[in-house]
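Per-entry structural report
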Amino acid sequence: MSLFDQILGHKQIKTFFTNALQKERLFSSYIFTGPEGIGKKKTAIAIAAMLNCESPDNAPCGMCRSCLKIQEGTHVDVNLMAAEKDEILAEQAESVLDAIRFAPFEGKARVFIIDNAHQLNPTSGNMLLKTLEEPPSGNYFFLITSKPDSLLPTIRSRCQEVAFSGSGILEALMESPDFDDSYYPWVKSGGGFVEDKSQLKAFTSIRQLAIRLLQEMISPHRDSGLDLEDELSEALGNQGRESARIFFFQIEILLRDILAIIANRDDAIINRDMISDLKKISRRLTPDMVFEIISLVKKGTNGLSYGIRIQHLAPVLLAEGKKVTL
Ligand SMILES: [Zn+2]
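Residues numbered from 1 in each chain as written. Predicted model: local features only at pLDDT ≥ 70, side-chain atom pairs only at ≥ 80, totals over all residues. Heavy atoms only, no water.

Some thoughts on the packing of aromatic side chains
Going through the model one piece at a time under the given rule, you end up with eleven aromatic pairs. The interplanar angle of 85° and the centroid separation of 5.1 Å between the aromatic rings of F16 and F17 together place this pair among those described as edge-to-face. For F16, a relative accessible area of 43% gives the class partly exposed. Ring geometry for Y30 versus F142: centroids 5.7 Å apart, planes at 10°, classification stacked. Within this pair, whereas Y30 is found in strand β1 (residues 29-33), its partner F142 is found in strand β4 (residues 139-145), the two being separated by 112 residues in sequence. One aromatic cluster in this structure is built from F16, F17, F27, Y30, F32, F142 and F164. (Phe/Tyr/Trp six-rings, centres within 6.5 Å; stacked < 30°, edge-to-face > 60°. Buried < 20%, exposed > 50% of the residue type's maximum accessible area, 1.4 Å probe, protein only. Helix = DSSP H or I, 4+ residues; strand = E, 2+ residues; numbered from the N terminus.)

In structure tokens form, the structure reads like this:
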């Protein structure tokens, strides 16, 4: 199975790069944009493998020495770079400029993959400008970002942009024998996170907690046994702020589904597998209440950006939401 076959969806992008390489029309600097976890970095790694693969007819074969090393992250010519704290620093840009002065060491092409490229600060970004525009031949850059609007405009204008979306992933998933409706929301909500099925399972538990929080919110009982703190740490694990953001995002998607139910637009429902629970919740809510809760969820999401922990924000959302539904 080639490395491209292991990536869900993105058929056109894979064909595009396969053709570009065969016709020697590959640009040297690309920006991959699209939701988190949708397969941007995986695709960049596969292209790095394609450029260096030892069986060119079947590249990226995933089996040769070069492909294996690239997948393990031990190939000296394939450099994966990410912010050390919240910024990609000048020293990191310096190391790129140092490496690029020499020809690729081990393989045919040297590839730099810069993850969360919007974290390049003005200094490190400016240091790379000239190189991104015209790297020495045999060097390629892939900048990965879910926030292209936060990229320095000077960087953005020097790279070819490739947009990743979830649309092809849904079709790819539907072809798989174990597809079920619980996969649908992840793709349809545009949240990404569908690189592989193990992630889908993890996010299913986040989604289940999201609906439990709404059920608790409308419940007239003071205590229905939802231990938010425990449940949060179980569902979100130690995946940090990003999974907390998805948790809030899922609550918002569920609320939009409830609005669709109230408006008799069942066709617009994203969480199809939860439809009977959603209908029960919707009976207790008016559209105004739903809008009010959505704005509470947005406040919670903002709180995350200020570094407030989900363990503090979720109980507040629950308590405030309860007041709205009284
Ligand atoms: Zn190979």
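Comments concerning the coordination of the zinc ion
Octahedral metals with six donors have ideal donor angles of 90 or 180 degrees. Tetrahedral metals with four donors have an ideal donor angle of 109.5 degrees. On the protein side, the zinc ion has C53 (SG), C61 (SG), C64 (SG) and C67 (SG) as donor atoms, found 2.3 to 2.4 Å from it. The coordination sphere of the zinc ion comprises four donor atoms, whose angles at the metal cover 102 to 117°; the geometry is tetrahedral. Of note, the donors binding the zinc ion are all from one chain and are spaced C-x7-C-x2-C-x2-C. Each member of the pair, C61 as well as C64, carries the same accessibility label: buried. (Donors = N, O, S within 2.8 Å, 3.2 Å for Na, K, Ca; no water. Tetrahedral: all angles 85-135°; square planar, octahedral: opposite > 155°, others 65-115°.)

What about unusual backbone geometry?
In the segment running from A59 into P60, the intervening peptide bond is cis, with an omega of -10°. Within the secondary structure, P60 is located in the loop between α2 (40-52) and α3 (65-72). The backbone of E24 shows a phi angle near 55°, a positive value even though the residue is not glycine. As for its position among the elements, E24 is in the loop between α1 (11-22) and β1. Taking the relative accessible area as the measure of exposure, E24 reaches 74% and is therefore exposed. With a phi close to 60°, N264 is a non-glycine residue in the positive phi region. Classification of N264 as exposed rests on a relative accessible area of 68%.

Observations concerning the nonpolar core
F247, F248, I251, L255 and I310 are the most contacted members of the largest nonpolar core, which totals 43 residues. Elements represented by at least two residues in this core include exactly α9 (197-218), α10 (228-236), α11 (240-262), α12 (275-282), α13 (287-305) and α14 (310-325). Looking at which element gives the most residues to this core, the answer is α11, with eleven residues. Counting residues in hydrophobic clusters, the runner-up holds 32 residues, among them I13, F17, A44 and V162. (Core = buried A, V, L, I, M, F, W, Y, C linked by side-chain atoms within 4.5 Å.)

As for the environment of I206
Note on placement: I206 falls in helix α9. A sequence separation of 25 residues divides I206 from E231, and the C-alpha atoms of the two residues are 9.4 Å apart. Not counting residues within four places of it along the chain, the set of residues in contact with I206 comprises A235, L236, S243, I246 and F247. (Contact = heavy atoms within 4.5 Å.)

Some points on α13
With 19 residues, α13 extends 27 Å between its outermost C-alpha atoms, agreeing within 8% with the 27 Å of an ideal straight helix rising 1.5 Å per residue. Listing the buried residues of α13 in full gives M289, V290, I293, I294, L296, V297, G300, G303 and L304. Projected down its long axis, α13 shows its buried positions confined to an angular sector of 165°, all on one face. Exposed side of α13, more than 90 degrees from the buried face: D288, K299 and S305 are the residues found there. Looking one or two places after α13, you find G307, whose phi comes out positive at around 90°. (Expected span 1.5 Å × (residues − 1). Arc of directions from axis to C-beta.)

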